[in-house]
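Listed below are the residues making up each chain.
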Amino acid sequence: MESTLALVKPHAFPRADEILSAITSAGFTITAKDVLSLNTTRAAAFYAAHPPPAGAGASSPPVPVADLIGALTAGPVMALVVSKAGGGVNDELASLAGPEDPATARTAAPGSLRARFGVDAAKNAVHVVAPGADAEAQVAFFFPERERELPSGAAAKEYLMGSVVPSLTKGLTELCRVAPADPLGWLSTFLGDAAREARGGDASADAEAEAAKGAEANGEAKKDKQKIVFVLGGPGSGKGTQCARLVEDFHFDHFSAGDLLRAEVKSGSSTGVEIDRMIANGEIVPGDITISLLANAISSSTAPGILIDGFPRKLDQAGAFEKDVSDFAFVLFFDCPEEVMEERLLKRGETSGRVDDNAESIRKRFDTFVKTSMPVIEYYEAKGKVRRVDATKTPDEVYAVVKGFF
């Protein structure tokens, strides 16, 4: 299977089902799908990395990027990974989409997606990867956690034999000779040394260290020097209480994804109205909105560490944060049964005034957490980046465990 990206633009989003049907009827398979809202910064970054075609036709002027950004940020977007066996998937999907300008499409390709659903050259129903453009990079922009497709057997063998097998064989041979107590740790160190040697020793590392010192002297040290910790747990697991104590003892900044979203709701913006609806229904707010709010908060922080409470809610959000904002130290996970969390939330709802502190919303939030956030925890637990805490105990008992991780 060869894959490419398609975006159903906001003005065509109400007819997304018809567009998806047309794509699958043409023999394509939709292997990944996500609905999100793009802010201007994110949309501009996409078009900067992947410039649109020069024009709608030989005599047509290019569409101003500002118009494309405006069209892409006007409402919800459906991002699709579209796959098909064999080669040429970009060309075939571009042919199904039709000419960039719907007016041209209605004459030259009346059955195409843009002829049927497009309005003008900016609101042309769908974005597809232009023939010859980097489809894999565009897919990765919206689906950073998606595994890239395996190359053919011959290509994979050539890559491994040229880049990996020599060092790995040498390492495994030496591993058998030394027989260390921690074989995986020993092998990791050996391969790390081999990688540095292949790059020309430690010169690059020394140069990076000097550059970092210079940046710090000028007050320009990167934010990724801060200790960033994701704090996850079901609603009512006690994340906020424990974060407050960590802030007091370690002078960290604490950014709650929920608080940032609720502040946006109070602002009265159109984004805030949509966030309010999603929160009330127990839905996940699109990751790019949350990431943008978090990035702004982090950029203003001078604290030695940052606690990010209630984020990431999905694997693609985690990948996008690492790619666009910063790496992180670990995930602090408060493990708590649903019945305990429900009891706590209903009690809180008596005084909180929050629209989601009611039995119906609580159950929706539990269901959403299990389906979307637990895979995040399981993924990072497999990578050794989760610190799990029994959150059923008293706040003092929980904190005694939590502070040991810092």
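Now for a description of the structure that goes with this document. Numbering of residues starts from 1 in every chain and runs along the sequence as written. Side-chain atom pairs in this predicted model are given and counted only at pLDDT of 80 or more, local residue features only at pLDDT of at least 70, and totals for whole chains, interfaces and linings cover all residues. The side-chain figures draw on all heavy atoms in the structure; neither hydrogens nor water molecules are used.

1. Looking at the overall build of the protein chain
Short version of the rule: To qualify as a helix, a DSSP run of H or I must reach at least 4 residues; to qualify as a strand, a run of E must reach at least 2; elements of each kind are numbered from the N terminus. Any two residues having at least one pair of non-hydrogen atoms within 4.5 Å are treated as being in contact. Methods summary: accessible areas were calculated by the Shrake-Rupley approach with a probe of 1.4 Å, and residue burial reflects only the protein chains presented.
Along the protein chain, the regular secondary structure elements total 19 helices and nine strands. At a minimum sequence separation of 6, the contacts of the protein chain that also span at least 24 residues come to 74%. Summed over all atoms, the accessible surface of the protein chain reaches about 20800 Å², with 54% contributed by carbon and sulfur.

2. Re the packing of helix α15 (residues 287-299) against helix α16 (residues 315-324)
Under the convention used in this document: The axes are straight lines fitted to the C-alpha atoms, using for helices just the contacting stretch, and the angles between their N-to-C directions are given from 0 to 180°. Put simply, a crossing is left-handed when the front helix is turned counterclockwise from the back one by less than a right angle, and right-handed when it is turned clockwise. Polar here means any residue other than Ala, Val, Leu, Ile, Met, Phe, Trp, Tyr, Cys and Pro, which are nonpolar, and Asp, Glu, Lys and Arg, which are charged; Gly is therefore polar.
It is at 10 Å that the axes of α15 and α16 come closest, and there the two elements cross at 35°. α16 is crossed by α15, and the crossing has right-handed handedness. Facing α15, whose interface residues are Gly287, Ile291 and Ile298, α16 presents Gln317, Ala320 and Phe321. In the contact of α15 with α16, the residues fall into four nonpolar, two polar and no charged.

3. Looking at the side chain of Arg42
Worth spelling out the cut-off: Here the term buried applies to any residue with accessible area under 20% of the maximum for its type, exposed to any over 50%, and partly exposed to those in between, with areas from a 1.4 Å probe on protein chains only.
Inspection of the secondary structure puts Arg42 in helix α2 (residues 40-49). Note on Arg42: relative accessible area 16%, which makes it buried.

4. A closer look at the sheet that holds strand β3 (residues 76-84)
We apply this condition: Between any two strands, at least two bridges found by DSSP are needed for them to pair.
Pairing is antiparallel in the open sheet, where four strands are placed in the order β2-β3-β1-β4. The outermost strands of the open sheet, each flanked by one partner alone, are β2 (29-37) and β4 (126-128). Strand after strand, the sheet turns through a mean of 20° between neighbouring axes, direction not considered. In this structure, strand β1 (residues 2-8) lies alongside β4, joined through three bridges in antiparallel fashion. Residue pairing for β4: Ala6 is matched across the bridge by Val128.

5. Points about the packing of aromatic side chains
Which entries qualify depends on this criterion: Only rings of Phe, Tyr and Trp enter the pairing, Trp through its six-membered ring, and a pair is recorded when the two centres are within 6.5 Å. The plane angle decides the type: under 30 degrees is stacked, over 60 is edge-to-face, the rest tilted. The criterion is that NZ of a Lys, or CZ of an Arg, lies within 6 Å of the ring centre and within 35 degrees of the ring normal, and then a charge sits over that ring.
The tally for this structure, following the rule as stated, stands at 14 aromatic pairs. Seen from their ring centres, Phe250 and Phe406 are 5.8 Å apart, and the 40° between their planes marks the pair as tilted. Of this pair, Phe250 sits in helix α12 (residues 239-250) while Phe406 sits in the segment after α19 (395-402), and the two are 156 residues apart along the sequence. The exposure class assigned to Phe250 is partly exposed, which follows from its relative accessible area of 25%. Members of the aromatic cluster, joined through ring pairs, are Phe230, Phe311, Phe321, Phe328, Tyr379 and Tyr380. The side chain of Lys385 reaches across the aromatic face of Phe328, ending 3.9 Å from its centre.

6. A closer look at the sheet that holds strand β7 (residues 305-309)
Strand pairing in a sheet is mediated by backbone hydrogen bonds. Such pairs are either parallel or antiparallel. Spatial ordering of the open sheet is given by β6-β7-β5-β8-β9, a layout of five strands whose pairing is parallel. Each having just a single partner strand, β6 (253-256) and β9 (386-390) make up the two edges of the open sheet. Each neighbouring strand pair of the sheet contributes to a mean axis angle of 20°, computed without reference to strand direction. Strands in contact with helix α13 (residues 257-267) are β6 and β7; relative to β6, the strand with the most contacts, it is inclined by about 60°.

7. A few points about a nonpolar patch on the surface
Formally: Nonpolar side chains (Val, Leu, Ile, Met, Phe, Trp, Tyr) within 5 Å and like charges within 9 Å form the patches, drawn only from residues with over 30% relative accessible area and no salt bridge. When a carboxyl oxygen of Asp or Glu is within 4 Å of a side-chain nitrogen of Lys or Arg, the pair counts as a salt bridge.
On the surface, Leu168, Leu172 and Leu191 cluster together into a nonpolar patch covering about 200 Å² of accessible area. Here Leu191 is to be found in helix α10 (residues 183-198). By relative accessible area, which is 31% here, Leu191 ends up partly exposed.

8. Structural notes on the packing of α12 against α19
Note the cut-off: Angle categories: roughly parallel below 35 degrees, roughly antiparallel above 145, roughly perpendicular from 65 to 115, and oblique for all the rest.
Contact geometry of α12 with α19 gives a least axis separation of 10 Å together with a crossing angle of 55°. By the angle class used here, α12 and α19 are oblique. Along this stretch, α12 crosses α19, giving a crossing that reads as right-handed. Here Gln242, Arg245, Leu246, Asp249 and Phe250 of α12 come into contact with α19, specifically with Pro395, Asp396, Val398, Tyr399 and Val402. In terms of residue class, the contact of α12 with α19 is built from six nonpolar, one polar and three charged.

9. Considering the nonpolar core
Put simply, the rule reads: Residue types Ala, Val, Leu, Ile, Met, Phe, Trp, Tyr and Cys, when buried and joined through side-chain atoms within 4.5 Å, form a set referred to as a nonpolar core.
Ranked by internal contacts, the top residues of the largest apolar core, which has 24 residues, are Phe230, Ile308, Phe311, Phe321, Val331, Ile377 and Tyr380. Elements with a minimum of two residues in this core: β5 (227-233), α15, β7, α16, β8 (330-335) and α18 (359-382). For this core, the element with the most residues is α18, which contributes five residues. Aside from chain neighbours lying at most four places away, what touches Phe321 is Ile228, Phe230, Ile291, Ile298, Ile308, Phe311, Ser326 and Asp327.

10. Brief notes about the side chain of Asn124
Basically, it comes down to this: Side-chain atoms alone can form a polar contact between residues adjacent in sequence; in general such a contact is a pair of N or O atoms within 3.5 Å, and within protein one must be able to donate a hydrogen while the other accepts it.
By secondary structure assignment, the location of Asn124 is in the loop between α6 (113-117) and β4. Using a relative accessible area of 1% as the deciding quantity, one classes Asn124 as buried. Of note is the side chain of Asn124, whose polar atom sits 3.1 Å from the backbone oxygen of Glu100. If we ignore the near neighbours within four places in the chain, the residues touching Asn124 are Lys9, His11, Glu100, Pro102, Arg114, Gly118 and Val119.

11. Looking at the pattern of salt bridges
Scanning the model with the defined rule gives 12 salt bridges in all. A salt bridge links Asp335 to Arg388, with the shortest nitrogen-to-oxygen separation between them at 3.0 Å. Residue Asp335 is found in strand β8, and its partner Arg388 is found in strand β9; the two are separated by 53 residues along the sequence. Among the ionic contacts, a cluster of salt bridges with common partners joins Arg42, Lys323 and Asp324.

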